[in-house]
Amino acid sequence: VINGGAHANNSLRIQEFMIRPEKPETFSDSMRICFLVIQNLKSLISDKKLSTTVGDEGGFAPALSKNEEAIEFIIKSIEKSGFKPGEEVSICLDVASNELYKDGKYAVKSSNYEKWESTIDYYLDLIDKYPIKSIEDPFSEDDWGAWSTFVKSLKSNNKKTQIVGDDLFVTNKDRLNKGKKEE
């Protein structure tokens, strides 16, 4: 619902901020929920005199300076739509870290590059603070150590957040087998 990263001309590092209805009764109900949240998001963005133009993936691409601002807009739009964030509608992220990875470091929060250990702490902090239920591509596709450490950190902290390895596994049997071993 909000685009950043390579999909938008703004300062957001995370590529896609998405929503997921948690308890829809039907597919139509799921579409209705998403439509309401998106319309309220558009209204909230417009009320702040920000652009409601869209990025490459169809989400809004307002000129926001921090990932957290995008998440807070989404939470407000969920609430304005009459739903409970994290219970009825959750937030999902596609970080697309391949775009943010240079010289063994990540630029997820700002233009300053960080080691993956601090990036893990950043994700864990986001999960603690916001109703984030899924994170796609939180690390570069070849950064197996970061992936493994992050999954272990989630388990040891009893986090129920889904981690999606789209770029990591790319429907490649050898990479899937390696991922099973790394866990």
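About the thresholds
- Residues numbered from 1 in each chain as written.
- Predicted model: local features only at pLDDT ≥ 70, side-chain atom pairs only at ≥ 80, totals over all residues.
- Heavy atoms only, no water.
- Helix = DSSP H or I, 4+ residues; strand = E, 2+ residues; numbered from the N terminus.
- Rg over C-alpha atoms; globule rule 2.2 N^0.38 Å.
- Buried < 20%, exposed > 50% of the residue type's maximum accessible area, 1.4 Å probe, protein only.
- Contact = heavy atoms within 4.5 Å.
- Areas by Shrake-Rupley, 256 points an atom, 1.4 Å probe, with all protein chains shown as cover.
- Phe/Tyr/Trp six-rings, centres within 6.5 Å; stacked < 30°, edge-to-face > 60°.

**Student:** Explain the overall build of the protein residue by residue, including any values.
**Tutor:** Assigned secondary structure in the protein consists of six helices and seven strands. Each helix and strand of the protein, placed in order from N terminus to C terminus, yields the pattern β-β-α-α-β-β-β-α-β-α-β-α-α. Radius of gyration (C-alpha) of the protein: 16 Å, near the 16 Å computed for a compact globule of 183 residues. Oriented by its inertia axes, the alpha-carbon framework of the protein measures out at about 45 × 40 × 30 Å. In the protein, buried positions account for 46% of the 183 residues. Across the protein, the fraction of contacts at a sequence separation of at least 24, relative to all contacts at a separation of at least 6, is 66%. About 9700 Å² of surface is accessible on the protein, with carbon and sulfur atoms providing 46% of the total.

**Student:** Outline the packing of aromatic side chains, supporting the account with residue identities and numerical values.
**Tutor:** Aromatic ring pairs are reported here in terms of the distance separating the ring centres and the angle at which the planes meet. Under the defined criterion, the tally for this structure stands at seven aromatic pairs. Measuring from ring centre to ring centre gives 6.2 Å for Y122 and Y123, while their planes differ by 45°; the resulting arrangement is tilted. Note on accessibility: Y122 and Y123 belong to one class, buried. Ring centres 5.5 Å apart and planes at 45° place the aromatic pair Y123 and F150 in the tilted group. You can see Y123 sitting in helix α3 (residues 116-129) and its partner F150 sitting in helix α4 (residues 144-156), a full 27 residues away along the chain. Comparing Y123 with F150, the two get one shared label, buried. Three or more aromatic residues link up through ring pairs in this structure, and these residues are Y101, Y106, Y122, Y123, F139, W147 and F150.

All quantities given are derived from atomic positions and should not be read as evidence of function.
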